[in-house]
Amino acid sequence: MCVLAGAGTGKTRAITHRIAYGVWSGAYQPHQVLAVTFTARAAGEMRTRLRGLGVPGVQARTFHAAALRQLQYFWPQAVGGAPPDVVAHKAPAVAEAAGRLRLRLDRPALRDLASEIEWAKVNLITPQAYPAAVQHLRDGVAGLDLTAVARVMSAYEDVKGERHVIDFEDVLLLMVGVLDAHPRIAASVRDQYRHFVVDEYQDVNPVQQQLLELWAGGRDEVCVVGDPAQTIYSFTGASPKHLLEFPKRHPDATVVRLVRNYRSTPQIVQVANLVLGSAARGGVDLQAQREAGPAPTLTAYPDDVAEAAGVAAQIRKLVDAGTDASEIAVLFRTNAQSEAVESALARQDVPYLVRGGERFFSRPEVRQAIVLLRGAARGDSSTRPLGEVVRDVLGGAGWSPQQPAAGAASRERWESLQALANLSDDLAAVDPEMRIPGLVAELDRRAAEQHAPTVQGVTLASLHAAKGLEWEVVCIIGCSEGLLPVSMAEGAERIEEERRLLYVGLTRARRTLLLSWAAARGAGGRAGRSPSRFLRPAGRLLGLSDATSARTPKPAAKRAPRPKNCRTCGTVLGSAAERKIGRCAECPPTYDEATFERLRDWRLATSRDQDVPAFVVFTDATLTAIAESGPTTLQGLADIAGVGPRKLELYGADVLTVLAGQKVDDGTGKNTSDK
């Protein structure tokens, strides 16, 4: 069965009831059902609902959790000995791998590399095949070219091998290998699990799809559920093709469309449908079931600071009018947009929390608090209200009656501890006899199911982090060109994914949807922005005039293709290096020798200063191309192959300074002429 479930159509309710009906009707044995999804929170929610429906024996896990459990059980049979440990974080091993190659990278660069390693592995791309496989598809990360990334990937595998550890992607890859190579183990798994349900199937990547096929073993007891209109994680390897092509792979499959939206008002659903348009690619056209509500609004502001202040003022009014702060969210495309909103909410004295960090029960302050509560549980003989006793204990973890005045990290820590305190109040209200041992037991249950207590405050989150959540009021800021779609999105596929990302944000709102955009970045800046092109189909509903829409800049012209013939002799160029510089190896250089030597000297000094190999700054071919072209602007420099956005940011100004015949800033803030 293939269930195409639109946003807010109650897909979790539908699939859990389908499983429960199968069990109660005798079609399923609960222990033979495996329901898989993509987040621990979603799996916990599914287990909670199934328990409420009287079928607690059904296994609901993430792909990784299910595969890890099987791998640990069958490892002695398949490989022998104890299974390797799984590293929770790649960064230390990636940093060691980079260090072996004399690459000094900051934390963001290491995170980028770790993400690229994950993407390559779930797409079944080896380090050796990486440069050729991703050429023209993905940029190098952390200022590295594709060859350098491949070298780090290979070194990373060496580091893991020496430490006798694996990562989470290895769990999937190894389980695929075990099932493929050991028919008896595969038969054992298939005998254990005979019915499969896959939630969020549009987010399946190639290795997960391969694992699912091996689990099923050709049987047709598979129910997949997803929405191609909510495919927003292609950068992790997710692809909706598995969902869209499911009926082709299984011609006898039943296709069910869930179209009734029970979450949002008709006004919000109408805007969401118009914004998405034909981009759903096999999705559904939502049909609102709720009563009417206020019309969504689009507000223009002169700059980002004014936008943040205006949104914060609106939220303050909503809270004063009785809306719970935890029922309000501010969503944005990039995390950098959060800072202005945080400051504005702080000035309005509105509590907030920033979503997207560690899971609630994985946070250090929560783990510490639970340890303290366990200790207090052994001697809990107080007759005081549970909330008072818990707050005394939480004081040892850093809780105080007053919320910190500033600092996002401090606020988030306090909010986490305050959530535990509020939970103790809620439990005591239901059961006045509840004491700390009961609270600890409830926390253990929720931790096992990843069911975090509600933190009281306005939620600030990226559009990606908002997936799967909903609020009574949703404010989406930055609805302008350059942010939605983000300026880095190039090509039709990435633009359409940006459209789907906005659609996900719109459908998070239940009753009130507030959109906004700013004409300039800073106060007094040039008003060069215009409303997002994605809002045009709903322009009439949002009060977007034709004159305003016409200000939307046209898509940037595509870069001119690289020269195919030598600029000197006209010979067809063969190698990538020749095409990059525009001439064949036999023809003499057309650049100024002195300029090229200055560039080489600058590159050597820069590589020594950063303690990296010279090729990491720029390869010889790229340096030659720069000398040949002699750009005078950053845009001209960006047009040269091998000069990506990060390298432009790191080295662009210095390169133009060298090309102009000047010395690079020596630290005094002055550029002196190079005599």
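Here the structure is a predicted model, which means the values were calculated and not measured.

> So what's going on with empty space enclosed by the protein? Which residues, and what values?
Applying the stated criterion across every chain, the model contains 1 cavity of 30 Å³ or more. Considered as a void within the structure, the largest cavity measures approximately 50 Å³ in volume. Forming the walls of the largest cavity are Thr 297, Thr 299, Tyr 301, Val 311, Gln 314, Cys 475, Leu 514, Leu 515 and Ser 516. Among the residues making up the lining of the largest cavity, the classes are represented as 5 nonpolar, 4 polar and no charged.

> For the packing of aromatic side chains, give the residues involved together with the corresponding values.
On inspection of all chains with the given rule, the structure shows 9 aromatic pairs. Seen in terms of ring centroids, Phe 38 and Phe 63 are 5.5 Å apart; in terms of plane orientation they differ by 55 degrees. Their pairing is tilted. On the criterion of sequence distance, the pair formed by Phe 38 in the loop between β2 (33–37) and α2 (40–52) and Phe 63 in helix α3 (residues 63–78) is long-range, its members being 25 residues apart. Assessed through its relative accessible area of 26%, Phe 38 is described here as partly exposed. Since its relative accessible area comes to 1%, Phe 63 is described here as buried.

> So, helix α8 (residues 168–181): which residues are in play, and what are the values?
An ideal rise of 1.5 Å per residue puts 20 Å on 14 residues; α8 measures up with 20 Å between its terminal C-alpha atoms. All of the buried residues along α8 are Glu 169, Asp 170, Val 171, Leu 172, Met 175, Val 176, Val 178 and Leu 179. Here α8 starts with a cap whose side-chain oxygen sits 3.1 Å from the backbone nitrogen of Glu 169, and that cap is Asp 167.

> A description of the layout of surface pockets should follow, citing residues and the corresponding values.
Here the idea is plain: a probe the size of a water molecule rolls over the atoms and shows the empty space left. By volume, the second largest pocket is sized at about 230 Å³. Lining the second largest pocket we find Leu 34, Arg 61, Ala 66, Arg 69, Gln 70, Tyr 73, Phe 74, Ser 188, Val 189, Gln 192 and Tyr 193. When residues of the lining of the second largest pocket are traced back to their parent elements, those giving at least two are α3 and α9 (183–192). With 5 residues, α3 is the largest single contributor of residues to the lining of the second largest pocket. Grouping the constituent residues of the lining of the second largest pocket by class yields 6 nonpolar, 3 polar and 2 charged.

> I'd love a proper account of the pairing of strand β16 (residues 509–520), names of residues and values included.
A large share of β16 lies buried, amounting to 11 of its 12 residues. The parallel pair strand β15 (residues 471–476) and β16, bridged by helix α20 (residues 492–506), forms a crossover whose chirality is right-handed.

> Got a sec to walk through the packing of helix α24 (residues 593–610) against helix α26 (residues 620–629)? Specific residues and values, please.
Taken N-terminus to C-terminus, the directions of α24 and α26 make an angle of 140 degrees; their axes are 10 Å apart at the nearest point. One way to sum up the angle between α24 and α26 is to call them oblique. As for how α24 packs across α26, the hand of that crossing is right-handed. Only Asp 620, Leu 623, Thr 624, Ile 626 and Ala 627 of α26 make contact with α24, whose side of the interface consists of Phe 596, Leu 599, Arg 600 and Arg 603. Considered class by class, the residues forming the contact of α24 with α26 number 5 nonpolar, 1 polar and 3 charged.

> Explain α2 to me, and be specific about the residues and the numbers.
Given 3.6 residues per turn, any residue in an α-helix points the same way as the ones three and four places further on. The end-to-end C-alpha separation of α2 is 18 Å, in line with the 18 Å expected for 13 residues at 1.5 Å each. Residues of α2 that are buried: Ala 40, Ala 42, Ala 43, Gly 44, Met 46 and Leu 50. The first or second residue beyond α2 is Gly 54, which carries a positive phi of 85 degrees.

> Before we move on, can you summarise the sheet that holds strand β14 (residues 458–462) with the specific residues and values?
If you walk across this open sheet you meet the 6 strands as β11-β16-β15-β12-β14-β13, and the pairing is parallel. Looking along the sheet, the strands with just one partner apiece sit at the ends: β11 (297–303) and β13 (352–354). Across the sheet, the mean angle from the axis of one strand to that of its neighbour is 25 degrees, orientation sign disregarded. The pairing of β15 with β16 spans 5 bridges and is parallel. Across the sheet, Trp 471 pairs through a bridge with Ala 509, a residue of β16.

> So what's going on with the pairing of strand β3 (residues 59–62)? Residues and values would help.
In the sheet, β2 pairs with β3 via 4 bridges, with the strands oriented parallel. Note on β3: the bridge partner recorded for Ala 35 is Ala 60. Between the parallel elements β2 and β3, the chain passes through α2 in a crossover that is right-handed.

> Hey, could you go over the sheet that holds strand β8 (residues 255–258) for me, with residue numbers and the actual values?
Across the sheet, 6 strands lie side by side as β3-β2-β6-β7-β1-β8; this open sheet has parallel pairing. The open sheet is flanked by β3 and β8, the only strands paired with a single partner. For this sheet, the mean angle separating the axes of adjacent strands, direction not counted, is 15 degrees. With 4 bridges connecting them, β2 and strand β6 (residues 195–198) associate as parallel partners. Among the inter-strand pairings, Ala 35 is bridged to a residue of β6, identified as Val 197. Running over the sheet, helix α1 (residues 11–24) touches β1 (2–5), β2, β6, β7 (222–226) and β8 and is turned about 170 degrees from β7. α2 rests against β2 and β3 of the sheet, and its axis sits at about 170 degrees to β3.

Criteria and cut-off values
Residues numbered from 1 in each chain as written. Predicted model: local features only at pLDDT ≥ 70, side-chain atom pairs only at ≥ 80, totals over all residues. Heavy atoms only, no water. 1 Å grid on protein atoms, 1.4 Å probe; cavity = no way out; pocket = protein on both sides within 12 Å on 5 of 7 lines; lining within 4 Å. Points joined across faces, edges and corners; volume = space filled by probe spheres on them. Nonpolar A, V, L, I, M, F, W, Y, C, P; charged D, E, K, R; others polar. Phe/Tyr/Trp six-rings, centres within 6.5 Å; stacked < 30°, edge-to-face > 60°. Helix = DSSP H or I, 4+ residues; strand = E, 2+ residues; numbered from the N terminus. Buried < 20%, exposed > 50% of the residue type's maximum accessible area, 1.4 Å probe, protein only. Expected span 1.5 Å × (residues − 1). Polar contact = N/O pair within 3.5 Å; in protein donor to acceptor, adjacent residues only side chain to side chain. Right-handed = clockwise from strand over helix to strand, strands pointing away. Axes fitted to C-alpha atoms, helices over the stretch in contact; angles between N-to-C directions. Parallel < 35°, antiparallel > 145°, perpendicular 65-115°, else oblique. Left-handed = near helix turned anticlockwise from the far one by under 90°. Contact = heavy atoms within 4.5 Å. Pairing = 2+ DSSP bridges.

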